[in-house]
Amino acid sequence: MKKLCLLTVVLLWASFSAAQFTRVTLHVDATDAPRNILHSTLTIPVVPGPLTLVYPKWIPGNHRPTGPIHNMVGLHIRAGGKDLEWQRDLVDMYAFQVTVPEGVKELEVSFDTVTWNGKRSASSSHVMDLNWNQVIIYPASGSIGDVLITPSIRLPEGWKFGTSLEPAQQSGNSVTFRQVSMGELVDSPLIAGDHYRRAQLSRPGDQFPNVMDLVAETEAALQMSDQDLASYKQLVEEAVKLFGARHYEKYHFLVTLSDET
């Protein structure tokens, strides 16, 4: 009887925990990446009433709130195909207030991201660097670990990509990745280009594979000597000997070779 009660409690807790996740779908249309424009569309489950959506403020590698919200343009929040009125928060410039109508279970949010700031860009006619924090918006309640995202991207024709995200489905120049937490998504940037090379740095069958993904403006820029490749492979071996462990399931070195980005 005690075992049955314990099993019931565990099942109830599992159901309760699963109900706390917000499952978002994200599609990025990057076919205008050579023009330094990315198009985002997100589907976000909601309940009727006041809702706050936020753009990522704190991002990896920065020690202050530097999320590039100034690159975000053309925000639309829709329910049932109709635009909803939204308002910028009067205190937090990264937050947006909207009221979800009765009977609405999900919102479609779309906006564009400009990846050129007048001095530097994240794209050229041949390569693109994508940091996912620039193309997402999410409900303010809870933590980023409570937001699960299924990301997908459409690339310019003929482009290939490198990322640590696991592809779930691919067709032509579009790919859908497996669902991850928002924290994992932001920690898994993507590079793409029409000149691409993958170099395997770990030994065949390694439990913790190491890969180098490279994109470049020209095919010639991707050429690498056997000596250089051997040095990169040795770097992985030296790191394992130095730290005595591998704190990852797999590791992708993302290398963009460009004078334009």
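See the structure shown above.
Here the structure is a predicted model, which is why all the values come from computation and not from measurement.

## Considering the packing of aromatic side chains
Remark: the centre distance and the inter-plane angle together describe each pair of aromatic rings, the angle taken between the planes. Applying the stated criterion across every chain yields a total of six aromatic pairs. Between W86 and F96, the ring centres sit 5.5 Å apart and the planes meet at 80 degrees, which makes this aromatic pair edge-to-face. In this pair, W86 is assigned in strand β6 (residues 86-88) and F96 in strand β7 (residues 95-100), connecting sequence segments ten residues apart. Classification of W86 as partly exposed rests on a relative accessible area of 36%.

## Overview of the sheet that holds strand β19 (residues 251-257)
Here we have three strands laid out as an open sheet, ordered β17-β18-β19, and mixed in their pairing. The open sheet has two free edges, formed respectively by β17 (196-200) and β19, since each of these has just one partner strand. Averaged over all pairs of adjacent strands, the angle between their axes in this sheet comes to 20 degrees, without regard to strand direction. Bridge analysis of strand β18 (residues 210-216) against β19 gives seven bridges, and the strand direction is parallel. Looking at β19, one finds that N210 is bridged to Y251.

## Comments concerning helix α3 (residues 226-243)
For α3, spanning 18 residues, the distance from its first C-alpha to its last is 26 Å, which sits close to the expected 26 Å at 1.5 Å a residue. Taken as a whole, α3 has its buried residues at L229, V236 and E237. Looking straight down α3, one finds that the buried residues subtend no more than 90 degrees of arc, so they occupy a single side. Opposite the packed face of α3, turned more than 90 degrees from it, sit the exposed residues Q227, K241, L242 and F243. Where α3 is buried, its residues contact β17, β18 and β19. One or two residues past the end of α3 sits G244, with phi positive at roughly 75 degrees.

## Things to note about the pairing of strand β11 (residues 147-154)
Within a regular strand, side chains alternate between the sheet's two faces. Across the eight residues of β11, six count as buried, placing the element largely inside the fold. Two elements, strand β1 (residues 22-29) and β11, share eight bridges in a ladder whose sense is parallel. Across the sheet, residue V28 finds its bridge partner in β11, namely I153. Alignment of β11 against strand β15 (residues 180-181), held across two bridges, turns out to be antiparallel. Within β15, the position partnered with L148 by the bridge is S181.

## A short note on the pattern of salt bridges
Two side chains bearing opposite charge may form a pair once their charged atoms approach each other closely. Tallying each qualifying case throughout the model produces eight salt bridges. When the shortest N-O distance is used, the salt bridge between E166 and K250 registers 2.5 Å. Remark: K250 occurs in the loop between α3 and β19 and E166 occurs in the loop between β12 (160-162) and β13 (167-171); sequence separation between them is 84 residues. On the accessibility criterion, E166 (41% relative accessible area) is partly exposed. The salt bridge partner of D206 is R246, with a shortest N-O separation of 3.3 Å. With D206 in the loop between β17 and β18 and R246 in the loop between α3 and β19, the pair connects residues that are 40 residues apart, well separated along the chain. What emerges from the salt-bridge pattern is a single network uniting R78, D83 and E108.

## Notes on the environment of V47
Within the secondary structure, V47 sits in the loop between β2 (37-45) and β3 (49-54). With a relative accessible area of 61%, V47 lands in the exposed category. Residues V47 and R120, 73 residues apart in the sequence, show an inter-C-alpha distance of 40 Å. Ignoring anything within four residues of it in the chain, the contact list for V47 reads V100 and V104.

## Things to note about the environment of A122
Within the element layout of this structure, A122 appears in the loop between β8 (106-114) and β9 (127-130). A relative accessible area of 18% means that A122 is categorised as buried. Distance in space between the C-alpha atoms of A122 and N36 is 7.1 Å, their sequence separation being 86 residues. The residues touching A122, leaving out its near neighbours within four places in the chain, are N36, T115, V127, M128, D129 and T261.

Each value, and the rule that gives it
- Residues numbered from 1 in each chain as written.
- Predicted model: local features only at pLDDT ≥ 70, side-chain atom pairs only at ≥ 80, totals over all residues.
- Heavy atoms only, no water.
- Phe/Tyr/Trp six-rings, centres within 6.5 Å; stacked < 30°, edge-to-face > 60°.
- Helix = DSSP H or I, 4+ residues; strand = E, 2+ residues; numbered from the N terminus.
- Buried < 20%, exposed > 50% of the residue type's maximum accessible area, 1.4 Å probe, protein only.
- Pairing = 2+ DSSP bridges.
- Axes fitted to C-alpha atoms, helices over the stretch in contact; angles between N-to-C directions.
- Expected span 1.5 Å × (residues − 1).
- Arc of directions from axis to C-beta.
- Contact = heavy atoms within 4.5 Å.
- Salt bridge = Lys/Arg side-chain N within 4 Å of Asp/Glu carboxyl O.

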